[in-house]
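Chains, contacts and geometry: an overview
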Amino acid sequence: MTALRDVEADLSRFRARVWIATLFVLVAFGLIGTRAYFLQVTRHEDLKAQAESNRTAVLPIVPHRGLILDRNGIALATNYSAYTLEITPSRVGDVDEVIEELAKIVDIQPRDRKRFKRLRDESRNFDSLPIRTRLTDAEVARFTALRFKFPGVEIKARLFRQYPYEEVASHVVGYIGRINRTEKTQMEDWPDEDRANYRGTEYIGKLGIEQSFEQQLHGLTGFDQIETSAGGRAVRTLNRTSATPGNTVILTLDIKLQKLVEEMFGARRGALVALDPRNGEVLAFVSKPTFDPNLFVDGIDVENWKMLNESIEKPLLNRALRGTYPPGSTYKPFMGLAALASGKRTPQAITNDPGYWMFGDHRFRSHGDAGLGAVDLHRSIVKSSNVYYYALANDLGVDAIHDFMKPLGFGQITGLDLKGEVRGVLPSQAWKRRNYKRPELQRWYAGETISLGIGQGYNSFTMLQLAQATAIVANRGIKHTPHLGLATEDAITRLRQPLERPPGESLGLNATHVEAVVRAMVGVTQEGTSTRVFAGAPYLSAGKTGTAQAVTIGQKDKYDVRKIEEHQRDHSLYIAFAPADKPMVALAIVVENAGFGAAHAAPIARRVFDYVLLDQYPNDEDLKAVQSGLAAAPIGKPRKASEIPWPPTPLSAATPSPATAVGHAAAPVRTDGISPTTPPATQTQHVPPPATPALNATPGTDPALAAPARPHEETPGRSQAFSSP
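Residues numbered from 1 in each chain as written. Predicted model: local features only at pLDDT ≥ 70, side-chain atom pairs only at ≥ 80, totals over all residues. Heavy atoms only, no water.

1. So, the overall build of the chain
Selection rule: Runs of H or I in DSSP of at least four residues are treated as helices and runs of E of at least two as strands, each being numbered from the N terminus. Categorising residues by exposure relies on relative accessible area from a 1.4 Å probe, with only protein chains included: less than 20% of the type maximum marks a residue as buried, more than 50% marks it as exposed, and the intermediate range marks it as partly exposed. Using the Shrake-Rupley algorithm and a 1.4 Å probe, accessible areas are obtained, with residue cover drawn only from the displayed protein chains.
Within the chain, the regular secondary structure consists of 25 helices and 26 strands. Counting the 725 residues in the chain, one finds 52% classified as buried. For the chain, the computed accessible surface area is about 32900 Å², with 54% contributed by carbon and sulfur atoms.

In structure tokens, the structure reads:
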């Protein structure tokens, strides 16, 4: 018998299932609705931005770097565009194998491979890195035809920095180089705005003006917002914010004068700093030997780096800024001022000079062991009496000397707008206690003071400091901060903005005292040690020669240049300003290991004055004589400086294709009375020549991070006892 179905029970179960299914559906739709609300309402803005980001990409546009010009508008640093072959390691398989295949198409040298390897070690795997720069048109064409074989390899047009005058003024202009890991780490501490401005930037100033004026030269980075496909291919540009080129930096430097001085040094080492004492503008800033900054732009190869870094000549050392030297007899005019200011001497006070000075049983010699007899202040400077200043130093004491010399800038940072300046040494008792650990060496001995009077002993200063002190005397006690930056020019508006400088500071020197020293310095050029050099000059100049020891000579030994190694011979120094009554230029110069100051340093100074005041440029015969240390007054008829062509630009005819100069020139800025000259029409120029004169003429390791080594180290505690005029 078949059992009857319980219809009511079945209906009940069915209804329960329907309600459960309905509840499940409602809950599911509720969850979907809640999620939809969360995504479309609560997170609408965030997800919209994400979607837009997936659809678009923001690419930085690196700005053109600003130009660097001399005071006449001549470009010392400019840009040009050229093709670069680049590899993105993350997008290729075996990088070495790819490079080998590329080498069959374009010329890839071992130095290119070494540079690529170094860059790869310093960069991220997805960075695009150059394997070859400055490709020729033929190389570009060959690679383009076979580009399909090289995914992850592409040709880019990039801007390259160029220093058209190569080694001329290289220590001043400096150079740029790729941003290294250390600099990237330092950038992490920058404000967000500054860090964002360097997105896409691969190069940064490493030395000189390129480093000191990095912010002005870099410009503002622009951005391209592009629409991309799912595969990341660019489809179209949605928005563009153009990059703003860096500002042009105009220097106080006169490149023609700079080249002339460097040429007059010849193969000799040394430094010269020439200032306008009226405002602190640097007219020439020379360090010899120099180097070619173009070597560093793409990363210097091992061979060139080894040659520069290991050379006994130390071409990477900026001798004008970081080289320190004993000032020798050029210190005597400042000691004379200290004597008058302290009341230890009057201009008429007499000191007997028998050719030596005794301190206890120690004999301090004069140059040549010849006595000068009765010596007053004027004669002590004109004839360069050592005895006068031995006795004076003893009477003053080391701390009084220190306190007087410090405001003049000796042993102090001058504030020049180049990084890396060193202080040198202006000794005092406190200085010695700070710098020596052993108690017996911390004590200052009275005998150590004696040699300070003739610019020896612990005294060690830069030519920049010596030039600034000379400019202060020339300007009758008014001190200006030396500076190389004259103005900046906006890349867009072309508006020129002079760089602000603090006003001159009066040191409160007694005018009568200053004039007494100035008259004595004039006497040096009229009846003293540099008379032959300034014979026939139509202007009156004031100066002081100096010869300073590089190594100690024993009291019983005589200096014989034939028995001493070249790098141990005395330095030749000269300080001067002209015209003596209303100075327009003041300078300090050292020619290393050259000997007598009047024979090697003073002739260079004479020709600098002739250039600035008389518009004269030495002829070839005279230049050769100066380079050899065989010149006094100018030989033969000088040329007219304003008619001399601007220094040739060796790179102007060698720029790779496409050699497109990037940037703009500035009109000349003149504030010194030196007349700019117009380059001849046949001279190749990277920038337009000056249009009009402003004033009429009247007569692998970064050297910037290297330790401030001296050209010649001094032994602490030694007693210098020799200084010739």
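So much for the structure itself; the text now carries on.
2. A few points about the packing of aromatic side chains
Filter applied, for reference: The aromatic pairing rule takes the rings of Phe, Tyr and Trp, using the six-membered ring of Trp, and pairs them if the centres are within 6.5 Å, calling planes under 30 degrees apart stacked, those over 60 edge-to-face and the rest tilted. Only when the NZ of Lys or the CZ of Arg is both within 6 Å of the ring centre and within 35 degrees of the ring normal is a charge said to sit over the ring.
Overall, the coordinates contain 19 aromatic pairs when judged by the stated rule. Look at phenylalanine 364 and tyrosine 390: their rings are 5.4 Å apart centre to centre, the planes differ by 50 degrees, and that puts the pair in the tilted class. In this pair, phenylalanine 364 sits in strand 15 (residues 362-365) while tyrosine 390 sits in helix 17 (residues 386-396), placing the two residues 26 residues apart along the sequence. Like tyrosine 390, phenylalanine 364 is buried. Judged by centre distance (4.8 Å) and plane angle (50 degrees), the rings of phenylalanine 410 and phenylalanine 461 are tilted. With phenylalanine 410 in the loop between helix 18 (398-405) and helix 19 (429-435) and phenylalanine 461 in the loop between helix 21 (446-450) and helix 22 (463-474), this pair connects stretches of sequence that are 51 residues apart. Neither residue differs from the other here; phenylalanine 410 and phenylalanine 461 are each classed as buried. By way of ring pairs, the aromatic residues Tyr331, Phe334, Phe410 and Phe461 are connected into one cluster. One Lys or Arg, arginine 363, reaches over the ring of tyrosine 356 and ends 3.8 Å from the middle of that ring. One Lys or Arg, lysine 432, reaches over the ring of tyrosine 436 and ends 5.9 Å from the middle of that ring.

3. A closer look at the pattern of salt bridges
So the rule is basically this: Criterion for a salt bridge: a side-chain nitrogen of Lys or Arg within 4 Å of a carboxyl oxygen of Asp or Glu.
Counting across every chain of the model gives 31 salt bridges. Where lysine 432 meets glutamate 448, a salt bridge forms, and the shortest distance between an N and an O atom there is 2.8 Å. Of this pair, lysine 432 sits in helix 19 while glutamate 448 sits in helix 21, and the two are 16 residues apart along the sequence. In this structure, lysine 432 and glutamate 448 share a single accessibility class: buried. Each of Glu86, Glu154, Lys156, Arg158, Arg178 and Glu202 takes part in a single network of salt bridges with overlapping partners.

4. Considerations on a positive patch on the surface
Quick reminder of the rule: Two joining distances apply to patches: 9 Å for like charges and 5 Å for nonpolar side chains (Val, Leu, Ile, Met, Phe, Trp, Tyr), and every residue must have over 30% relative accessible area and no salt bridge. Counting rule applied: Lys, Arg positive; Asp, Glu negative; His and chain ends not counted. In this description, the location of a charge corresponds to atom NZ of lysine, CZ of arginine, CG of aspartate or CD of glutamate.
Together, Lys406, Arg423, Arg433 and Arg434 line one region of the surface with positive charge. Within the secondary structure, lysine 406 sits in the loop between helix 18 and helix 19.

5. Things to note about helix 11 (residues 255-265)
Selection rule: N or O atoms within 3.5 Å of each other form a polar contact, as long as, within protein, one can give a hydrogen and the other can take it, and as long as residues adjacent in sequence are counted only when both atoms are side-chain atoms.
Counting buried residues along helix 11, nine of its 11 residues qualify, which places the element largely inside the surrounding structure. For helix 11, the complete set of buried residues consists of Ile255, Lys256, Leu257, Gln258, Leu260, Val261, Glu262, Met264 and Phe265. The distance from a side-chain oxygen at the start of helix 11 to the backbone nitrogen of lysine 256 is 3.0 Å, and the residue carrying that oxygen is aspartate 254. Downstream of helix 11 by a residue or two, glycine 266 has a phi angle that is positive, lying close to 65 degrees.

6. Considering the sheet that holds strand 12 (residues 282-288)
Test applied: Each pair of strands is called paired provided DSSP finds at least two bridges between the two strands. Axis definition: a line fitted to C-alpha atoms, over the contacting stretch in the case of helices. Angles run 0 to 180 degrees between N-to-C directions. Two residues qualify as a contact provided that any one of their heavy atoms is within 4.5 Å of a heavy atom in the partner residue.
Across the sheet, which stays open at both edges, the five strands sit in the order 12-11-23-22-21 with antiparallel pairing between neighbours. Two strands lie at the open edges of the sheet, namely strand 12 and strand 21 (542-548), each paired on one side alone. For this sheet the average axis-to-axis angle between neighbouring strands, irrespective of direction, equals 5 degrees. Seen against the sheet, helix 23 (residues 511-526) touches strand 21 and strand 22 (571-578) and runs at an angle of roughly 70 degrees to strand 21.

7. Thoughts on the environment of glutamate 592
Mapped onto the secondary structure, glutamate 592 falls in the loop between strand 23 (585-591) and helix 24 (597-614). Sequence separation between glutamate 592 and alanine 548 is 44 residues; the distance between their C-alpha atoms is 9.5 Å. A polar contact is formed between the side chain of glutamate 592 and the side chain of arginine 319, at a distance of 2.7 Å. A distance of 2.6 Å separates a polar atom in the side chain of glutamate 592 from a polar atom in the side chain of tyrosine 325.

8. Remarks on the nonpolar core
To keep it simple, the criterion reads: What is meant by a nonpolar core is a set of buried Ala, Val, Leu, Ile, Met, Phe, Trp, Tyr and Cys residues, joined one to another through side-chain atoms within 4.5 Å.
Counting residues in each nonpolar core, the largest one holds 95 residues, and the members touching the most others are Phe285, Phe334, Met405 and Phe410. The biggest single contributor to this core is helix 22, with nine residues. With 40 residues, the next largest nonpolar core counts Met584, Leu587, Phe609 and Tyr611 among its residues.

9. Brief notes about the pairing of strand 7 (residues 203-207)
In terms of burial, strand 7 is a largely internal element, five of the five residues being buried. Pairing geometry for strand 6 (residues 175-178) and strand 7, over four bridges, is antiparallel. Following the sheet pairing, tyrosine 175 is matched in strand 7 by leucine 207.

10. Describing the side chain of lysine 332
By the element assignment, lysine 332 lies in helix 15 (residues 332-342). Within the buried core, lysine 332 has no salt-bridge partner, and the shortest N-O distance to an opposite charge, that of aspartate 353, equals 8.0 Å. With near-sequence residues (within four places) excluded, lysine 332 lies in contact with Ser384, Ser385, Asn386, Tyr389, Gly453, Ile454 and Lys544.

11. Things to note about the side chain of arginine 606
Tracing the backbone through its elements, the reader meets arginine 606 in helix 24. Ignoring sequence-local partners within four residues, the contact set of arginine 606 consists of Val533, Phe534, Ala535, Gly536, Ala537, Tyr539, Ala633 and Pro634.

12. A short note on helix 23
Since there are 3.6 residues in each turn of an α-helix, residues three or four apart along the chain are aligned in direction. We count it as follows: A helix is expected to span 1.5 Å for every residue after the first.
With 16 residues, helix 23 should cover 22 Å at 1.5 Å per step; its first-to-last C-alpha distance of 22 Å lies within 8% of that length. By the burial criterion, the buried members of helix 23 are Val514, Ala516, Val517, Val518, Ala520, Met521, Val522, Gly523, Val524 and Thr525. Residue asparagine 510 occupies the N-cap position of helix 23, its side-chain oxygen lying 2.8 Å from the main-chain nitrogen of threonine 512.

13. Digging into a nonpolar patch on the surface
Together, Phe24, Val25, Phe29 and Ile32 make up a nonpolar patch on the protein surface, roughly 450 Å² of accessible area in all. One can find phenylalanine 29 in helix 1 (residues 7-42).

14. Remarks on unusual backbone geometry
Look at the link from lysine 288 to proline 289: it is a cis peptide, with omega at 0 degrees. With respect to the element layout, proline 289 can be found in the loop between strand 12 and helix 12 (294-297). Cis rather than trans, the peptide bond between alanine 578 and proline 579 has omega equal to -15 degrees. Checked against the element boundaries, proline 579 lands in the loop between strand 22 and strand 23. Despite not being glycine, serine 384 shows a phi value in the positive range, around 60 degrees. Examined against the element boundaries, serine 384 turns out to sit in the loop between helix 16 (377-382) and helix 17.

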